[in-house]
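Spelled out, the chains give:
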Amino acid sequence: MNIVVDSGNTFSKIGWFEGEKLIRYTTHLEFPELIRHIRAELPEYLFFSSVGRTQEEFQNALNEPVTIIGLTPDTPLPIGKDYDTPQTLGADRIAAAAGANFLFPDEDLVVIDMGTCITYDLIDRNAVFQGGLISPGVRMRFNAMHTFTKRLPLFEPEQEPELIGKSTRQAMQSGVMNGTLAEIEGIIERYRHKYPSLRVVLCGGDAAFFESNLKPPIFAVPELVLIGLNRILTYNVSLQ
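Residues numbered from 1 in each chain as written. Predicted model: local features only at pLDDT ≥ 70, side-chain atom pairs only at ≥ 80, totals over all residues. Heavy atoms only, no water.

Within the chain, Asn63 stands out as a residue other than glycine whose phi angle is a positive 55°. One can find Asn63 in the loop between helix H2 (55-62) and strand E5 (67-70). The exposure class assigned to Asn63 is exposed, which follows from its relative accessible area of 61%. The phi torsion at Asp106 lies on the positive side, around 60°, for a residue other than glycine. (Helix = DSSP H or I, 4+ residues; strand = E, 2+ residues; numbered from the N terminus. Buried < 20%, exposed > 50% of the residue type's maximum accessible area, 1.4 Å probe, protein only.)

Below you can see the structure in the form of structure tokens.
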């Protein structure tokens, strides 16, 4: 069994794999909890991706005889990168791209990851990451309206608001949620002008708000980043 870790600034996510199969996963782990989970069932290999901690910090905290491979800009990948600034490319973006290419090989893909920001990344049928675009996520949009105005309140997103809001709350919900939906549909349409057979892969914490409203075919893969991290892990193990 192998373990992959996706560690954020506050919380971490961990996935247990047998080969390429995701057996189970746990989310919203604080760092001490993450260490306890790994120590309870030491893997053969452990793949570590973090935006807040170095591999050395993680290895010192774990202090167990486990082979750890970290995701850095120099880590060998099972996909190519045609990106001008690879040192700034987010680990979650490249992991999601690797996961999508593993699930849907030999296809043109756009991965839409709906988290704090919304990222749209293109992986072509030759397994090359071509880049994409980044826009504000839904909660960031609500926060921006609240922060940069004097009277607009702060709301959480709601499922399928009315298009025409009859109150300030409804108007803000429609602006964010229907506006984001229109953005996603528009970006997909423009990508399909360049790649007519494009497959759309959706992931991220806010994906559930939009999955049912997007025109098919849309493939929602909630744990795409974990799948991609494991794919990168198995690729690196094969090189040893």
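Going through the model one piece at a time under the given rule, you end up with four aromatic pairs. Taking the centre distance of 6.4 Å and the plane angle of 70° together, the rings of Phe31 and Phe58 count as edge-to-face. Taken together, the residues span a long stretch of sequence, with Phe31 in helix H1 (residues 31-40) and Phe58 in helix H2 at a distance of 27 residues. Per residue, the accessibility class of Phe31 equals that of Phe58, and both read buried. (Phe/Tyr/Trp six-rings, centres within 6.5 Å; stacked < 30°, edge-to-face > 60°.)

A word on the side chain of Asp206. Tracing the chain through its elements places Asp206 in the loop between strand E10 (199-203) and strand E11 (218-220). Using a relative accessible area of 6% as the deciding quantity, one classes Asp206 as buried. Those residues in contact with Asp206 that lie beyond four places of it in its chain are Met114, Gly115, Val138 and Arg139. (Contact = heavy atoms within 4.5 Å.)

Formed by 32 residues in total, the largest nonpolar core has its most connected members in Phe47, Leu71, Val111, Val201 and Leu224. Among the secondary structure elements, those contributing two or more residues to this core are strand E4 (45-50), helix H3 (91-103), strand E7 (109-114), E10 and helix H6 (224-238). Discounting chain neighbours no more than four positions away, the residues touching Val111 are Ala96, Ala97, Ala100, Thr119, Tyr120, Asp121, Ile123, Val201, Cys203 and Leu224. Listed in part, the 25 residues of the second largest apolar core include Val110, Met114, Val176 and Ile187. (Core = buried A, V, L, I, M, F, W, Y, C linked by side-chain atoms within 4.5 Å.)

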